[in-house]
Structures are given as C-alpha cells and as structure tokens.
Amino acid sequence: MPVLASLRFIRQHPIGRRRTGRCVSDWLRWQVGSRIVPGPVAVPWVGGARLLVVPGMTGATGNVYVGLHEFEEMAFLTHLLRRGDLFVDAGANIGSFTVLAAAVSGATCLAFEPHPPTFAQLEDNVRINHLEPLVTARQSALGERPSELRLTASLDSANHLLSPDEPNGSGFVSVPVNRLDTELGDRVPTAIKIDVEGFETSVLDGAGPTLAQEHLLAVVMELNGSGRRYGFRDEDLHQRMLAHGFASCRYAPFSRRLDQLPDGECPFGNGVYVRRSQLELVRQRLADAPALDVKGLSV
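Residues numbered from 1 in each chain as written. Predicted model: local features only at pLDDT ≥ 70, side-chain atom pairs only at ≥ 80, totals over all residues. Heavy atoms only, no water.

1. Observations concerning the pattern of salt bridges
Throughout the structure, instances matching the rule amount to 15 salt bridges. The partner of Arg138 in a salt bridge is Glu183, with the nearest N and O atoms 3.2 Å apart. Placement of Arg138 in strand S5 (residues 135-138) and of Glu183 in helix H8 (residues 180-184) is noted, with a sequence separation of 45 residues between them. (Salt bridge = Lys/Arg side-chain N within 4 Å of Asp/Glu carboxyl O. Helix = DSSP H or I, 4+ residues; strand = E, 2+ residues; numbered from the N terminus.)

2. A word on the nonpolar core
Among the nonpolar cores identified, the biggest contains 58 residues, and Trp45, Leu68, Phe76, Leu258 and Val274 are the most heavily contacted of them. A per-element tally of this core places helix H5 (residues 71-80) first, with 6 residues. Not counting residues up to four positions away in its chain, the partners in contact with Phe76 are Ala218, Val220, Tyr251, Leu258, Val272, Val274, Val282 and Leu286. (Core = buried A, V, L, I, M, F, W, Y, C linked by side-chain atoms within 4.5 Å. Buried < 20%, exposed > 50% of the residue type's maximum accessible area, 1.4 Å probe, protein only. Contact = heavy atoms within 4.5 Å.)

3. Some points on the layout of surface pockets
The computed volume of the second largest pocket comes to approximately 370 Å³. Lining the second largest pocket we find 18 residues, and of these Asp26, Val43, Pro44, Val64 and Lys295 sit closest to its centre. Breaking the lining of the second largest pocket down by element, the ones donating at least two residues are helix H3 (20-36), strand S1 (41-44), helix H4 (58-66) and strand S14 (293-294). Of all the elements, H3 adds the most residues to the lining of the second largest pocket, at 6 residues. (1 Å grid on protein atoms, 1.4 Å probe; cavity = no way out; pocket = protein on both sides within 12 Å on 5 of 7 lines; lining within 4 Å. Points joined across faces, edges and corners; volume = space filled by probe spheres on them.)

4. Things to note about the environment of Ala291
In this fold, Ala291 is placed in the loop between helix H12 (279-288) and S14. Sequence separation between Ala291 and Thr78 is 213 residues, and the spatial gap between their C-alpha atoms is 9.8 Å. Residues within four places of Ala291 in sequence aside, it is in contact with Arg256, Ser298 and Val299.

5. A closer look at a nonpolar patch on the surface
Together, Leu28, Val32, Ile36 and Val37 line one region of the surface with nonpolar side chains, adding up to about 370 Å² of accessible area. One can find Ile36 in helix H3. (Patch = residues over 30% accessible without salt bridge, like charges linked within 9 Å, V, L, I, M, F, W, Y side chains within 5 Å. Areas by Shrake-Rupley, 256 points an atom, 1.4 Å probe, with all protein chains shown as cover.)

6. Focus: the side chain of Arg275
With respect to the element layout, Arg275 can be found in strand S13 (residues 269-275). Despite its burial, Arg275 remains without a salt bridge, the nearest opposite charge being carried by Glu214 at 4.4 Å. At 2.7 Å, the side chain of Arg275 and the backbone oxygen of Gln213 are in polar contact. Setting aside residues up to four positions removed in sequence, Arg275 forms contacts with Leu211, Ala212, Gln213, Glu214, Leu216, Leu217, His244, Gly245 and Phe246. (Lys, Arg positive; Asp, Glu negative; His and termini not counted. Polar contact = N/O pair within 3.5 Å; in protein donor to acceptor, adjacent residues only side chain to side chain.)

Take a look at the structure:
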C-alpha cells in the first residue's frame, strides 16, 4: 500500500484504532526491515503462528500492520473452529485463513489456490508452521464442473479466472477446475471461506450437496461486485445462501456478539452466513473460544 493509504488503513481498522502507536511502529519496522532483508520474511503472527510475507502482498502486509487484516471474518472463523473440524479455504492465496484455522484453532484444512507461485507460498506457510498433518493444499480452482480455465498471473490477491470476453494478454496461466462436492467426497466441512474474485457463483454451483449439510455451520464469502465480469450478481448469491438455510450475520469480535441481519440486506465486502438452525450453537462456540492476543489486545 502507498504510505498514506497504509496509515489510513491502520487508523480505520478496529485493532489500529485501539493500538495506533504499536501498529504504526510495526508498519514502520516492516517498511525498513523488508528493504534490508530481500525475499520473504517470516513474521511472528497471532497464536504463535508465523507468516511468510513479501513486500507488495496487500493482505499479508495488512496482517503485519494490524494483526488480523480482515478482522471480523478472521476472528469469526478462528473463534468458531475447533480441533477435529474441517475448514475449506477456497481461494486460499498465501494461506492466511488456513494458517489461522490450523495453527490457532487446530482444525483440519482443505485449501485451494490455483495460481502456481501463490500456491508455492501457501505451501511454504504450511511448512514453516509444521501444519502438514492438518492441511491438504490443492493447486486448483473450484467451479461448477471439472474443466481447465485461464487465470491472470500478475495481479497478486486480485488474480482471477478470465471471463470469456476478457483479453488474454500475455499474463495468464491455465489451471484445473474441480467441483467442491467431488473434492470433499463424504466429508462435511464445519466452515467454508470463498474468496475467488467474482467466481463465487460457480463455486456454489459445484457445492450443492455440501451446502445442504446441516453440519456446515458457516460460509464466509466475498461479495464486492467482482462477479459482474462473469455476469453474476451479489444479490443473487445472497438470495441463494438464504435459500440454502443460512442467515446473513455480523460479528463483533471484542464482545463475541453475532447479530442476524435482515434478509433483504445484502452484505458488501465479506458476507458471513450462518445456518439458521444452528445459530445458537454457533453463538455458544464463539463465546467459549479461547481469547486471541492481537497486538496486545484480547480478542
């Protein structure tokens, strides 16, 4: 991030507002240190985990500055998951959510990241945290049917599958696409995170039986309008989740409060969907989870 954008992000972030001095100090330390030490740096993270970070990784450097870049969603999943649960990370990128779920919560993880260099960084983060017994990483995308599609190759966390009318340019790679239902077999996840830069509809198309499973407690899904490139609407995704028996919710990590939102309110950013029939179970899990130390704050 540019300097002013980084400082604005810190001041507006829930952790940054409470620990501005420490977060700005960590930002400055990173700006200096990452220029002295070339290549990836193993940064101490929450819960004793570590994260390999390279300058320019927007989400990962956000974790360096404020502890949990996507604060509400990361805290929600970390508080929700338990040892023995299965977590699916669709669009894992370098593995921030996967590392949290496995290293901090002790969950078993199935992580999907199709971009070859980013997948290698995901594997590195699994390796430095000694999470191989808990994490299975797949270098593939998820979609409606098995196929092969083109993926942009130079957009960092915004890499996305090319739409039919999007020009190839020179920066793309071909990647395999599989159905989530097929990948899971007879396993049922406790939670799924879907962040696939607008391809979320196709991921759900390949996960119908999984979404119908009562044991699937929650889905965290990116809703930021990027599906328009494929002809998908966030509102349709929202209605689809409601039809599968989920409620749109907002989570307040400091108070451990989970509020159900009106069905007519489509979230923007990351939508947190909790199975309606399991709302009280989820609330109890959130309340009972051990506290996280994030920049000296108890979360």
